[in-house]
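# Architecture and fold: a report
Residue strings, one per chain:
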Amino acid sequence: GQQLNQSPQSMFIQEGEDVSMNCTSSSIFNTWLWYKQDPGEGPVLLIALYKAGELTSNGRLTAQFGITRKDSFLNISASIPSDVGIYFCAGQSILRYSTLTFGKGTMLLVSP
Amino acid sequence: EAGVAQSPRYKIIEKRQSVAFWCNPISGHATLYWYQQILGQGPKLLIQFQNNGVVDDSQLPKDRFSAERLKGVDSTLKIQPAKLEDSAVYLCASSLLIQGAEAFFGQGTRLTVV
């Protein structure tokens, strides 16, 4: 089956620093999605990517759809304490009825 | 626009008991997903509906789990009988289109089996 490798597993940074995390897949995806999950809540969609090479921003967040269609990365610039949470990548393939496959998540901790 | 609604938020049951979860997707969304999220892991797909038909239930433990989506709107997920390893958060999500669309999640139901 499809597998997503997400790294790093966790990060502990100072407020104001930039953050980068990435996701790689053993198979091709047509869509990459990035979610954030706060404790006790469901994942919230941050960015959606639909084309290879696409670079999309949402405020301080920037994500890219890798050219090979097997990877994606998420950058957070000038981190703030409310960025704390778990970030998940998810890939979607039209060959599998658009099933979303999730990575294991990156836990981000931000020190004020 | 109202989001995905799930109930209950929390449930504690003893092993071998039965439990059911309910999900009301965003209005008009054709695709509905049920995910299981074990502590410290990413969500794992259990079953995916398109309208009221099942398109993927390959990871659903069918000896104990069942799900239905009545009239292509609300959905219920049932576990009977529950095992200790079923303790997890059960997330429901929906997306507007059948293919290639963003999925939006509910708050989830936290199940504890003791």
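Right above here is the structure, for reference.
Residues numbered from 1 in each chain as written. Chains lettered and ligands numbered in written order. Predicted model: local features only at pLDDT ≥ 70, side-chain atom pairs only at ≥ 80, totals over all residues. Heavy atoms only, no water.

### A look at the state of the cysteines
All told, the structure shown has two disulfides over all chains when counted by the stated rule. Here Cys23 of chain A engages in a disulfide with Cys89 of chain A; their sulfurs sit 1.7 Å apart. You can see Cys23 of chain A sitting in strand β3 (residues 19-25) and its partner Cys89 of chain A sitting in strand β9 (residues 85-93), a full 66 residues away along the chain. One disulfide bridge connects Cys23 of chain B with Cys92 of chain B, the sulfur atoms lying 1.9 Å from each other. Across the S-S bond of Cys23 of chain B and Cys92 of chain B the torsion is about -70°, and the bridge reads as left-handed. Pair noted here: Cys23 of chain B is in strand β3 (residues 19-24) and Cys92 of chain B is in strand β9 (residues 88-95), with a separation of 69 residues, a long-range link. (Disulfide = S-S within 2.5 Å. Helix = DSSP H or I, 4+ residues; strand = E, 2+ residues; numbered from the N terminus.)

### Overview of the interface of chain A and chain B
Listed per partner, the contact involves 22 residues of chain A and 25 residues of chain B. A buried area of about 1,800 Å², summed over both sides, lies between chain A and chain B, and 48% of it is on carbon and sulfur atoms. Put simply, chain A and chain B have zero salt bridges between them. The tally of links between chain A and chain B comes to six residue pairs in polar contact (both at pLDDT 80 or more). Looking at the side of chain A that touches chain B, the elements with two or more residues in it are β4 (31-37), β5 (44-49), β9 and β10 (99-102) of chain A. Considering every element that reaches the side of chain A that touches chain B, the biggest residue donor is β4 of chain A, with four residues. For the side of chain A that touches chain B, a count of residues per class yields eleven nonpolar, eight polar and three charged. (Contact = heavy atoms within 4.5 Å. Buried area = accessible area lost by both parts, 1.4 Å probe. Salt bridge = Lys/Arg side-chain N within 4 Å of Asp/Glu carboxyl O. Polar contact = N/O pair within 3.5 Å; in protein donor to acceptor, adjacent residues only side chain to side chain. Nonpolar A, V, L, I, M, F, W, Y, C, P; charged D, E, K, R; others polar.)

Shape descriptors only; they carry no functional weight alone.
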